[in-house]
Each structure stands twice: as structure tokens, then as C-alpha cells.
Amino acid sequence: ELSFIHRIKPATEPGKPPILLLHGTGGNEDDLLPLGGMIAPGSALLSPRGKVLEGGMPRFFRRLREGIFDEEDVRRRAHELADFIAQARESYNLAAPIAVGFSNGANIAAAVLQLRPEALAGAALLRAMVPLQDPPAADLSGKPVLILSGASDPIVPADNARRLASLLQTTGATVEHRVLPTGHGLSQTDVALTKAWIDQL
Ligand code: MLT
């Protein structure tokens, strides 16, 4: 019995990297499956539901309010998610996945990169912010990371996303950070850029 409610869609093409889909606040394990099919056709898709409830809305860690995180919970939940990834890899015979996270899902993916880098082969972080003010000095050498921010995102301040990009880069990740002319929601450009980034991995 795996430790998160989840969906698994087996790969239909060999050699494509498995994708770990991480939804935003109020989402669930079904939400990002269509996105996964668009950005990574043929890849295995693994999509857990966040275990923390905020007014009935699933998410991946607790926050005190918008943009202010319970960092002790961020750490605990990032380890829990990394443990789930390891279990799921064994059950479904998967290589280390590329995380594709949106909003709260992007933030937990960033925390997993910093706390358990071996859990992920890389990550596309859509509308991410800094999850931990004082992260451990992880070695992210060679891990590809795509960060897509919205220039008019009311939730993620521009300098916060830049700080995340530079934190990950400083610890060795190969970071591509693009700021799109949009808000917090995803656009067709996000889909196209994420697909192109996955295609060249
Ligand atoms: C978070 O709580 O992770 C961020 O505020 C993004 C969100 O889920 O709204």
C-alpha cells in the first residue's frame, strides 16, 4: 500500500522519463493528468494527492497564510513525498522522475530538490517560490530545472522567484528561468515551453 492516494499512467514509449505531477492548492491526483499527456506524451505519469487539507482543499504542506509557510511541515512533507517516490519507483518499476509542479506543487518539488535531491531527476517548477528560507546545502549538480514565473503573478513576487532560481543554481542545478507575460494561472506558453524543455532532456 503506497503512502499517498495517487494515479499512475504507465509509459507507452520506452526511454521517456517518468513525470511526477504535483497539483496546486485545491487540486487532486486527477488535475494534472491532461497536462502531463500534453507535455510528456508517452511518459509514465505518477500523480499523488497532497495530504494536507486547508479548508477542505488538498495541498502538499501547511502554510500560515498565503506565501508564509510552516517550514517544519515543509520539511516533514518533502521527506514523506520523497519516500513515496521511492516506494512508487519500486512498485511501478520507474526511473527517477522529473517533477512537474504547479504553485503549491512546484513549491514542494523545490523543497524535495533541496532536501532529497536523489528523489528527482529534475523539475519543472511552474509559479514556484522559495520553500525554505534556510535550506541545507544540497548537491544538485547536473539536475535540470525549469522555472516558469508570471510577470503579473499576485502570489509570487518576482524577486522571490529569482531568488529560488539563484539558490538552485548556486547548489549546482542547471536552471532555466523564464518570466512569462501572465499571472499565477498557467498559459499555453507554459505548456509549450515545458514540453520543449522535457523533449530536450
Ligand atoms: C503555497 O502555499 O504553496 C503558495 O502560496 C502557492 C499556493 O498554493 O497558493
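Summary of the structure given here. Model, not experiment: these values are computed from the prediction.

**Some words on the overall build of the protein**
Argument step 1. If you tally the helices and strands in the protein, you get five helices and eleven strands.
Argument step 2. For the protein, the C-alpha radius of gyration of 15 Å lies close to 17 Å, the compact-globule estimate for 201 residues.
Argument step 3. Of all 201 residues assigned to the protein, the portion counted as buried reaches 54%.
Argument step 4. Within the protein, counting contacts between residues at least 6 apart in sequence, those at least 24 apart form 71% of the total.
Argument step 5. Accessible surface for the protein amounts to roughly 8,800 Å². Of this, 52% is attributable to carbon and sulfur atoms.
Argument step 6. Separation of charge centres in the protein, based on 20 positive and 22 negative side chains, amounts to 1 Å.

**Observations concerning helix α4 (residues 158-170)**
The α-helix winds at 3.6 residues per turn, so residues separated by three or four positions along the chain end up facing the same way.
Argument step 1. Taking 1.5 Å per residue as the helical rise, α4 with its 13 residues ought to reach 18 Å, and the 18 Å between its terminal C-alpha atoms agrees with that figure.
Argument step 2. Within the span of α4, buried status applies to Asn160, Ala161, Leu164, Ala165 and Leu168. Buried residues in α4, looked at end-on, bunch into an arc of 140 degrees, giving them a common side. In α4, the exposed residues that point more than 90 degrees away from the buried face are Arg162 and Thr170.
Argument step 3. For α4, the elements touching its buried residues are α3 (104-115), β9 (122-126), β10 (144-150) and β11 (174-180).
Argument step 4. Just beyond α4, the residue with positive phi is glycine 172, at close to 110 degrees.

**Quick look at the site of the ligand**
Argument step 1. Every residue near the ligand is listed here: Thr25, Arg59, Phe61, Arg63, Gly67, Phe69, Ser103, Asn104, Asn107 and Ile155.
Argument step 2. The separation between an oxygen atom of the ligand and a polar side-chain atom of arginine 63 is 3.1 Å.
Argument step 3. Its free accessible area being 260 Å², the ligand has 96% of it covered by the protein chains.
Argument step 4. Here the residues of the shell around the ligand sort into three nonpolar, five polar and two charged.

**Quick word on the sheet that holds β9**
Argument step 1. With respect to topology, seven strands assemble into an open sheet ordered β1-β3-β2-β8-β9-β10-β11, the strand pairing being mixed. Two strands in the sheet have a free side with no partner beyond their single neighbour: β1 (6-9) and β11. For this sheet, the mean inter-axis angle between neighbouring strands, taken without regard to orientation, is 15 degrees.
Argument step 2. Where β9 lies against β10, four bridges are found, and the strand directions are parallel. Directly across from leucine 125, in β10, lies its bridge partner isoleucine 147.
Argument step 3. Of the strands in this sheet, β2 (19-22), β8 (98-102), β9 and β10 touch α3, which is tilted by about 140 degrees from β8.
Argument step 4. In the packing of helix α5 (residues 188-199) onto the sheet, the strands contacted are β2, β8, β9, β10 and β11, and the crossing angle to β10 comes to about 170 degrees.

**Focus: the environment of aspartate 153**
Argument step 1. Within the secondary structure, aspartate 153 sits in the loop between β10 and α4.
Argument step 2. For aspartate 153, a relative accessible area of 9% puts it in the buried group.
Argument step 3. Through-space distance from the C-alpha of aspartate 153 to that of isoleucine 8 is 31 Å; in sequence the pair is 145 residues apart.
Argument step 4. If we skip the residues at most four places from it in the chain, aspartate 153 touches Arg127, Thr182, Gly183 and His184.
Argument step 5. Among the polar contacts made by the side chain of aspartate 153, one reaches the main-chain amide nitrogen of isoleucine 155 at a distance of 2.7 Å.

**Comments concerning the pattern of salt bridges**
Argument step 1. Per the counting criterion, the structure on display carries 14 salt bridges.
Argument step 2. Note that arginine 76 is salt-bridged to aspartate 73, the shortest N-O span being 3.9 Å. One end of the pair, arginine 76, and the other, aspartate 73, are both in helix α2 (residues 71-92), three residues apart, so they sit about a helical turn from each other.
Argument step 3. Residue class for arginine 76 comes out partly exposed when judged on its relative accessible area of 46%.
Argument step 4. Connected through shared salt-bridge partners, Lys51, Arg62, Asp73, Arg76, Arg77 and Glu80 make up one network.

The rules behind these values
Residues numbered from 1 in each chain as written. Predicted model: local features only at pLDDT ≥ 70, side-chain atom pairs only at ≥ 80, totals over all residues. Heavy atoms only, no water. Helix = DSSP H or I, 4+ residues; strand = E, 2+ residues; numbered from the N terminus. Rg over C-alpha atoms; globule rule 2.2 N^0.38 Å. Buried < 20%, exposed > 50% of the residue type's maximum accessible area, 1.4 Å probe, protein only. Contact = heavy atoms within 4.5 Å. Areas by Shrake-Rupley, 256 points an atom, 1.4 Å probe, with all protein chains shown as cover. Lys, Arg positive; Asp, Glu negative; His and termini not counted. Charge placed at Lys NZ, Arg CZ, Asp CG, Glu CD. Expected span 1.5 Å × (residues − 1). Arc of directions from axis to C-beta. Near = heavy atom within 4 Å. Polar contact = N/O pair within 3.5 Å; in protein donor to acceptor, adjacent residues only side chain to side chain. Nonpolar A, V, L, I, M, F, W, Y, C, P; charged D, E, K, R; others polar. Pairing = 2+ DSSP bridges. Axes fitted to C-alpha atoms, helices over the stretch in contact; angles between N-to-C directions. Salt bridge = Lys/Arg side-chain N within 4 Å of Asp/Glu carboxyl O.

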